[in-house]
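If you want the building blocks of each chain, they are given just below.
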Amino acid sequence: MVELRDHERKTLLAIEMLGGKASAEGLTSKSGLPHAAVMRAALTLQEKKLVKVEETRQTVATLSSEGKLYAKEQLPERRILEVLRKKGGETSISNITKEVDIPSGAVSLALGWLVQKKWAAINKQKQTVTLTKQAQTQKPPKGSDEELLELLAEKSALVTEELDENLQQAVATLKRRRLIAIKERRTYELELTREALKLIEKGLEAEKEVTQLTPELILTKKWRETKLRKFDVTAPGPAIYPGKIHPLQQIIQRAREVFLEMGFTEIRGPLVETAFWNFDALFQPQDHPAREMMDTFYLASPKAGKLPSKTTVNAVKKVHEDGWTTGSKGWGYKWSSEEAKRLVLRTHTTAETVKYLSRHRKPPIKVFSVDRVYRNEQLTYKHTAEFHQIEGIVVDKGVTLRDLMGTLKTFYTKFGLKKVVFWPCYFPYTEPSAQAMVYHPKLKRWMELCGMGLFRPEVLAPMGIDCPVLAWGGGLERLAMIDLGLDDIRTLYGNRLDWIRRTPVCQ
Ligand code: PHE
């Protein structure tokens, strides 16, 4: 004997009333059950071999807002054509822009369509448009694209599979012109099986099932006679999207945790820094290309900030000019305190570690920061104008490049990255300098992850430090990309709800 739940019984009866076969939508309105309940019943009835469920996918076209506008006012090329016919077949492009009320950016696109449809030719030199002979003698008939627009204005949505070949081609063209939007729709049809028909003939009786155990049922001992509904924990339920921490924030937290585990202390500094901490204290000459407007966002107002103590400023100035006490020759130019006062959105968090050194001189020191920086970069799959850096320093007697590589290797290993290599490289403030490269398994290529090195004497002497300082700073988003399997960094900042929802809270 097949056991039936109330919803299943209602669904079966509704299918029968609709002739033995019905769509999920039809059943929803017939049975009065919610759509999700019908779908759940469909699933369990299918398991009980009482219904067959057939899924069909259809693509549905609707007008975009621009499409709606053109459906009302006709395609811009058609309107230009009409102007041309009124003007005797020829007019200047500037005239068209004046006469036809379409955004000037859209005019050249519309002219392109006039040419493609062989309605008109353009004379680039004279900047004029002339009707073709064909269009001159006879008004061009409506194209399939125009027909489709009209149909859509009337019906608001069309199943593209049901259109004729010409209109299907028009779907492709209008989609490319972004005048229509295409969505996939899945529909489900439920059909009664022979067993179901037999069952219905015998008369369907649903057992009264109780879905919720109430205090009353317990007190009156009625629960002994009632049938409690079984839970199917594997049945799909409606998707629930609870609030959760953004995947990037989770990675920031993890980076923090790893450094804390490794015995580091966190430091933080302001997003707006003086060029002094961002550049000068790091022995970057005032005419260094990285300081140019191209890379750095300078503040328009206020323009200038405060410099630290005179002693520190003078030492940095001397180091830049002639090397001061360091034995270096410096950069050999006249250092300007005005340039150093300029305020910038910090371009790296090394500004914070060097500032920390100016105030904490006693080794051992192990500090880190995971914080935001800004650079005026072209946006690409691997660059954004704001991002986060993982920064840190270790100050102690006798530490070497080997310790630095070990520290970073440990950090990345704890993050789950196996293939890390170190490569020699250059920074104005470290010697030796290196970078950590890591392998991105999805992109199948090596990526730069982190710059590093030992701060030069020109950086350390003005801060009053006389033992080696290991320093590094690297991108966090690239780490996030590898961790989350992304091939485009912009996903992290794009408010892509679907992606945020899909990304698990715990990995
Ligand atoms: N500040 C460098 C960058 O932003 C990284 C770096 C930090 C290099 C510390 C060496 C030492 O790329």
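In case you missed it, the structure is sitting above this.
Quick look at the structure, then. (Residues numbered from 1 in each chain as written. Predicted model: local features only at pLDDT ≥ 70, side-chain atom pairs only at ≥ 80, totals over all residues. Heavy atoms only, no water.)

### Details of the overall build of the protein
Right, on to step 1. If you tally the helices and strands in the protein, you get 21 helices and 18 strands.
Right, on to step 2. For 507 residues, the compact-globule estimate of 2.2 N^0.38 gives 23 Å, and the C-alpha radius of gyration of the protein, at 35 Å, exceeds that figure by more than 25%.
Right, on to step 3. When its C-alpha atoms are laid out on the principal axes, the protein stretches across 100 × 90 × 40 Å.
Right, on to step 4. When each of the 507 residues of the protein is scored for burial, the buried share is 42%.
Right, on to step 5. Restricting to contacts in the protein with at least 6 residues of sequence separation, those with at least 24 account for 69%.
Right, on to step 6. When the accessible surface of the protein is split by element, carbon and sulfur atoms take 52% of a total near 28,600 Å².
Right, on to step 7. Across the protein, the 81 positively charged side chains and the 63 negatively charged ones have centroids separated by 2 Å. (Helix = DSSP H or I, 4+ residues; strand = E, 2+ residues; numbered from the N terminus. Rg over C-alpha atoms; globule rule 2.2 N^0.38 Å. Buried < 20%, exposed > 50% of the residue type's maximum accessible area, 1.4 Å probe, protein only. Contact = heavy atoms within 4.5 Å. Areas by Shrake-Rupley, 256 points an atom, 1.4 Å probe, with all protein chains shown as cover. Lys, Arg positive; Asp, Glu negative; His and termini not counted. Charge placed at Lys NZ, Arg CZ, Asp CG, Glu CD.)

### Topic: the site of the ligand
Right, on to step 1. Taken together, the neighbourhood of the ligand is formed by 13 residues, with H348, T350, R375, Q389 and Y429 sitting nearest.
Right, on to step 2. Note that a nitrogen atom of the ligand is positioned 2.9 Å from one of the side-chain N or O atoms of H348.
Right, on to step 3. Note that an oxygen atom of the ligand is positioned 2.9 Å from one of the side-chain N or O atoms of R375.
Right, on to step 4. For the ligand, the protein covers 91% of the area, taking 330 Å² as the surface of the free molecule.
Right, on to step 5. Sorting the residues of the shell around the ligand by element identifies strand 14 (386–395), strand 17 (445–455) and strand 18 (469–475) as the ones contributing at least two each. (Near = heavy atom within 4 Å. Polar contact = N/O pair within 3.5 Å; in protein donor to acceptor, adjacent residues only side chain to side chain.)

### Details of the sheet that holds strand 17
Right, on to step 1. Taken in spatial order, the seven strands line up as 10-13-14-18-17-16-15 in an open sheet, and their pairing is mixed. The sheet is open, and its two edges are formed by strand 10 (265–266) and strand 15 (420–424), each paired on a single side.
Right, on to step 2. Together, strand 13 (365–374), strand 14, strand 17 and strand 18 form the strand contacts of helix 17 (residues 350–359), whose direction differs from that of strand 14 by roughly 30°. (Pairing = 2+ DSSP bridges. Axes fitted to C-alpha atoms, helices over the stretch in contact; angles between N-to-C directions.)

### Looking at unusual backbone geometry
Right, on to step 1. Following S301, the chain continues into P302 via a peptide bond in cis, with omega recorded as -5°.
Right, on to step 2. Assignment of secondary structure puts P302 in the loop between helix 14 (275–278) and helix 15 (310–322).
Right, on to step 3. A cis amide bond, omega -5°, links E431 with the succeeding residue P432.
Right, on to step 4. On the secondary structure map, P432 appears in strand 16 (residues 430–440).

### Brief notes about the pairing of strand 7 (residues 180–192)
Looking along a regular strand, one sees side chains alternate from face to face of the sheet.
Right, on to step 1. Summarising the sheet, strand 1 (residues 21–23) and strand 7 pair through three bridges and their orientation is antiparallel. Each residue of the ladder has a partner; that of S23, found in strand 7, is E189.
Right, on to step 2. Summarising the sheet, strand 2 (residues 51–63) and strand 7 pair through 13 bridges and their orientation is antiparallel. Within strand 7, the position partnered with E55 by the bridge is Y188.

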